[in-house]
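Tertiary structure, described
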Amino acid sequence: MESLILEPSAPLQAPAPKRPRPLSYEDLRRFLFLCLAIALGAFIISKIGRVVMLFAVIVFLAMILNPFVVFLEKRGIRRAMGVGITMLGLIATMIGAGFLVVPPMAKQVGDLYEKRNTYTRAVENQLDALLTRYPQLRESLPRELRDADRLRLEQVVDSYAPQLSRLAGASATNVGQTVVQTLQGFIGAIFTLIIALLGTAFVLANPTALVGGMLSAVPTRHRDATGRAFARIETQMIAWIRATLITGAATGLQTAILLYFIGLPSVIVFAVLAFFGEFVPNIGPIVTSIPALFVAAGLGPTKFLLTLAAILFVQNISSSFLVPMIMGKELELHPATIIFFALSMGALFGVIGAVLAVPLAAISKILFDEFYAKPNNVPREKLETQAKSLVEERVWKS
């Protein structure tokens, strides 16, 4: 019987790495087409930016109000009737808040305007006293300010922000034109509000058709990710508006109480500004605190320091306690991301863009997560560990 002799098999060799495919004409054509598409999209948005922002507001309002309509629908009320009740409740809330806040706020704004020269002179006196006490500060000023007998705010504006000074001068040269433009802006704001409310009502009346049409336009392989993204976006928009309204009301109330005991006038104006400042996190509270600090500076250094301490205290309570407690970690947005979106959207679309910065940042994060991170199994925990070693030890750990 012949013995079977097994010859040793050749050692397995690892497959040769694939060489990158050279750039082809088709790749170049796709890249140029993508660049043209991005440029065309940017051009269209620049031309219809206000319309885009209006429809964005309509969609966000519909997302926020839809749970109320669904709640009424589950109680046996037809959807059309539920939409009407919800919209009437929203309008009644807006009118009621207007009657409660607008009259005293208008009176206090008028008082501030009448005393603007008094506050301006008081601030100038405080600046002169500060420069007299610390001469080295005067030496650091520009020549036209350093050689002046008395420091005036107009000179400061002319030295550090000439473009703002020219803008203010151009606006003040024609009072009639300013009044007409203000009236036109007021009428335009009312018209835009009416369009936004009507558009929200139409979207709420039959949102299923809109969502179904959007899903039908998405390729089948991306439909599940789109559905998950839409559900997460709606949940986070509700969390955002709820947290913003609650923190804004708490911040405004704390601001009014603290500034009242400090002795500042027109605390309702500053409280309302603090409320609206919460709609633009990180940047909004800083900007809306400037009027209160300006008035406090005219009342003396003690009032100014107390006002500054009060504003910092309120913002610390809001950022460290109220927002994490109410919103939790649902949005998970880094402050630097919020600042970037607020500045970018504000530059592109004005105040409305800055207000919508947080929702748009949250939407961008969700879309990135659903369409890139999850399909590619991005190892988040491992990347966070590697990022920590880079930041703390300047070492890359593979």
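Computed from a prediction, not measured in an experiment: that's the story for all the values here.

Let's shift gears to the packing of helix α11 (residues 223-262) against helix α12 (residues 267-277). Where α11 meets α12, the axes come as close as 8 Å, and the angle between the chain directions of the two elements is 155 degrees. Classified by the angle their axes make, α11 and α12 are roughly antiparallel. α12 is crossed by α11, and the crossing has right-handed handedness. Contacts between α11 and α12 involve Leu-245, Gly-248, Ala-249, Thr-251, Gly-252, Thr-255, Ala-256, Leu-259 and Tyr-260 on the former and, on the latter, Val-267, Phe-270, Ala-271, Ala-274 and Phe-275.

Spanning 17 residues, helix α17 (residues 357-373) covers 22 Å between terminal C-alpha atoms, matching the ideal 24 Å at 1.5 Å per step. Within α17, the full set of buried residues consists of Ala-357, Val-358, Pro-359, Leu-360, Ala-361, Ala-362, Ile-363, Ile-366, Asp-369, Glu-370 and Ala-373. Where α17 is buried, its residues meet α2 (49-74), α11, α16 (335-355) and α18 (380-393).

Look at α2 against α16: their axes get within 10 Å of each other, and the N-to-C directions meet at 50 degrees. Of the possible angle classes, the one that applies to α2 and α16 is oblique. The element α2 and its partner α16 pack so that their crossing is right-handed. The segment α2 lies against α16, with Gly-49, Met-53 and Val-57 engaging Met-345, Phe-349, Ile-352 and Gly-353. In the contact of α2 with α16, the residues fall into 5 nonpolar, 2 polar and no charged.

What follows is about the confidence of the model for the chain. On average, the chain scores 77 in pLDDT, and the residues at 70 or more come to 78%. Here residues 163-176 is modelled with pLDDT under 50, and outside its nearest four sequence neighbours on either side it reaches 3 contacts, counting other chains as well.

This next bit is on the environment of Val-269. The topology assignment puts Val-269 in helix α12. Overall, Val-269 belongs to the buried group, its relative accessible area being 7%. A C-alpha to C-alpha distance of 9.5 Å links Val-269 and Lys-107, two positions 162 residues apart in sequence. Contact partners of Val-269, with chain neighbours within four places excluded, come to Met-105, Gln-108, Val-109 and Leu-112.

The next subject is unusual backbone geometry. Most peptide bonds adopt trans geometry, and most residues besides glycine take a negative phi value. The phi dihedral of Ser-266 falls on the positive side, at around 55 degrees, and the residue is not glycine. Relative to the helices and strands, Ser-266 is located in the loop between α11 and α12. One non-glycine residue with positive phi stands out, namely Arg-394, at about 55 degrees. Relative to the helices and strands, Arg-394 resides in the segment after α18. For Arg-394, a relative accessible area of 72% translates into the label exposed.

Reading guide: rules and limits
- Residues numbered from 1 in each chain as written.
- Predicted model: local features only at pLDDT ≥ 70, side-chain atom pairs only at ≥ 80, totals over all residues.
- Heavy atoms only, no water.
- Axes fitted to C-alpha atoms, helices over the stretch in contact; angles between N-to-C directions.
- Helix = DSSP H or I, 4+ residues; strand = E, 2+ residues; numbered from the N terminus.
- Parallel < 35°, antiparallel > 145°, perpendicular 65-115°, else oblique.
- Left-handed = near helix turned anticlockwise from the far one by under 90°.
- Contact = heavy atoms within 4.5 Å.
- Expected span 1.5 Å × (residues − 1).
- Buried < 20%, exposed > 50% of the residue type's maximum accessible area, 1.4 Å probe, protein only.
- Nonpolar A, V, L, I, M, F, W, Y, C, P; charged D, E, K, R; others polar.
- pLDDT = per-residue confidence, 0-100.

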